[in-house]
Amino acid sequence: MEFAATLVQTGVSTSFDVAPIIAILVLFQVAVLRRRIPNLKRIVMGFIYVLLGLTLFLVGLEEALFPIGETMATQLTAAAVVDPAAVSVQWEDYLLVYAFAFAIGFATTIAEPSLIAVALKAEEVSGGAVGAQGLRIAVALGVAVGVALGCFRIVTGTPLPWYIVGAYAIVIVQTFRSSRTIIPLAYDSGGVTTSTVTVPVLAALGLGLAASVPGRSPLIDGFGLIAFASVFPIMSVLGYAMLVSLISRLHGANMGLRRRSQP
């Protein structure tokens, strides 16, 4: 009965959250464009599926993903914590935490529906010049590195602005040295990673880790992993594009040398 009550309560809350979107779409279609809504039955069924999916997803977050993230962070740090009253910690004692953060960042990003959609569209629009699988892997590697570095920041307690300002400084340099065709896609790739799958897991991991490391505050240190997951994919996609461009130039130069050497 408690689970059913939670399901109903979440469903009602989700309906109120989605209602403004429906109202705006209907208002513009009927009052501004002055046209009938095409395929009304199909659209209504689609919204019903959206409400059911969001409701089940939110309940799943509360019942599974959040507890799992916090539990994993607690278990991974349990072996490293010797004195719960200690204030200073050794960052090298948490190598397993960094490895887990890297793996979970990569896995959640690869499974991110919004990233899959953007990657497929990028491949379609570019005519195959931008591979969907290569883009997803590049973004996932960026998130993985960012999340691992974010966990390192939580363990060491160093200020968050140091990392974010430094990362965006690198992004600015990469932006000026990258092709104009890849820059918008790289910046969008940093945004789509912070969506339905990645955000809940990273939030739970950060809060659980900050609560388990001595001297760390979940409120001050527990948040910030999502910021790492936003900026580092931009770096990885721009770096991936620059690497591909460099390889292409080297390959073209080698082909030119071979042609010149032929009689």
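Q: Would you mind showing me how to read the overall build of the protein chain here?
A: Looking only at helices and strands, the protein chain has nine helices and zero strands in total. Written out in order from the N terminus, the α and β elements of the protein chain read α-α-α-α-α-α-α-α-α. Taking as baseline every contact in the protein chain between residues at least 6 positions apart, the subset at least 24 positions apart corresponds to 80%.

Q: What's the story with the layout of surface pockets in this structure? I'm lost.
A: In this approach, a probe sized like a water molecule rolls over the atoms, and the result shows the empty space that is left. For the largest pocket, the calculated volume is near 580 Å³. Considering the residues around the largest pocket, the lining is formed by 23 residues, among which Val130, Ser179, Thr181, Ile182 and Ala241 are closest to the centre. If you list the elements that add at least two residues to the lining of the largest pocket, you get helix H4 (113-125), helix H7 (183-192) and helix H9 (225-261). No other element matches H9, which puts eight residues into the lining of the largest pocket. Along the lines of polarity and charge, the residues of the lining of the largest pocket split into 14 nonpolar, six polar and three charged. Its boundaries defined by the atoms lining it, the second largest pocket holds a volume of some 190 Å³. In terms of lining residues, the second largest pocket is bounded by Ile22, Leu25, Val26, Gln29, Ile37, Leu40, Ile43, Val44, Phe47 and Ile48. By residue number, the principal contributor to the lining of the second largest pocket is helix H2 (residues 40-78), which donates five residues.

Q: So what exactly am I meant to see when it comes to the pattern of salt bridges here?
A: Opposite charge on two side chains makes pairing possible when the charged atoms of those side chains draw close. Inspection of the entire model under this criterion finds one salt bridge. Put simply, Glu124 and Lys121 hold a salt bridge, and the shortest N to O gap is 3.7 Å. In this pair, Glu124 and Lys121 both sit in helix H4, three residues apart, roughly one turn of the helix. We note that Glu124, like Lys121, is exposed.

Q: Can you walk me through helix H5 (residues 132-156) in this structure?
A: It helps to recall that an α-helix has 3.6 residues per turn; residues three or four apart then point in one direction. Its 25 residues give H5 an end-to-end C-alpha distance of 36 Å, which sits within 8% of 36 Å, the value for a rise of 1.5 Å per residue. Count one or two residues on from H5 and you reach Gly157, which has phi positive near 75°.

Q: I tried to follow helix H3 (residues 95-110) on my own but got confused; where do I start?
A: For H3, spanning 16 residues, the distance from its first C-alpha to its last is 23 Å, which sits close to the expected 22 Å at 1.5 Å a residue. All of the buried residues in H3 are Val97, Tyr98, Ala101, Gly105, Thr108 and Thr109. Summarising the axial view, the buried residues of H3 lie within an arc of 105°, below the 170-degree limit, and thus occupy one face. In H3, the exposed positions angled more than 90 degrees off the buried face are occupied by Leu95 and Leu96.

Q: Explain the packing of H3 against helix H8 (residues 198-212) here, please?
A: When two helices pack together, their arrangement is given by the angle between their axes and by how far apart the axes lie. H8 packs onto H3 with a crossing angle of 165° between their chain directions and a minimal axis gap of 9 Å. For the element pair H3 / H8, the angle class is roughly antiparallel. Along this stretch, H3 crosses H8, giving a crossing that reads as right-handed. Contacts from Val97, Phe100, Ala101, Ile104, Thr108 and Thr109 in H3 reach Thr198, Val201, Leu205 and Leu209 in H8. Of the residues contributing to the contact of H3 with H8, the split by class is seven nonpolar, three polar and no charged.

Q: Can you walk me through the packing of aromatic side chains in this structure?
A: What characterises a pair of aromatic rings is the spacing of the ring centres plus the angle enclosed by the ring planes. Summed over the entire model, instances satisfying the criterion amount to three aromatic pairs. Site record: aromatic cluster; members linked through ring pairs are Tyr163, Phe228 and Phe232.

Q: Looking at this structure, how should I read the environment of Tyr240?
A: Here Tyr240 shows up in helix H9. For the pair formed by Tyr240 and Ile182, sequence separation is 58 residues and the distance between their alpha carbons is 10.0 Å. The residues touching Tyr240, leaving out its near neighbours within four places in the chain, are Gly134 and Ala138.

Thresholds applied
Residues numbered from 1 in each chain as written. Predicted model: local features only at pLDDT ≥ 70, side-chain atom pairs only at ≥ 80, totals over all residues. Heavy atoms only, no water. Helix = DSSP H or I, 4+ residues; strand = E, 2+ residues; numbered from the N terminus. Contact = heavy atoms within 4.5 Å. 1 Å grid on protein atoms, 1.4 Å probe; cavity = no way out; pocket = protein on both sides within 12 Å on 5 of 7 lines; lining within 4 Å. Points joined across faces, edges and corners; volume = space filled by probe spheres on them. Nonpolar A, V, L, I, M, F, W, Y, C, P; charged D, E, K, R; others polar. Salt bridge = Lys/Arg side-chain N within 4 Å of Asp/Glu carboxyl O. Buried < 20%, exposed > 50% of the residue type's maximum accessible area, 1.4 Å probe, protein only. Expected span 1.5 Å × (residues − 1). Arc of directions from axis to C-beta. Axes fitted to C-alpha atoms, helices over the stretch in contact; angles between N-to-C directions. Parallel < 35°, antiparallel > 145°, perpendicular 65-115°, else oblique. Left-handed = near helix turned anticlockwise from the far one by under 90°. Phe/Tyr/Trp six-rings, centres within 6.5 Å; stacked < 30°, edge-to-face > 60°.

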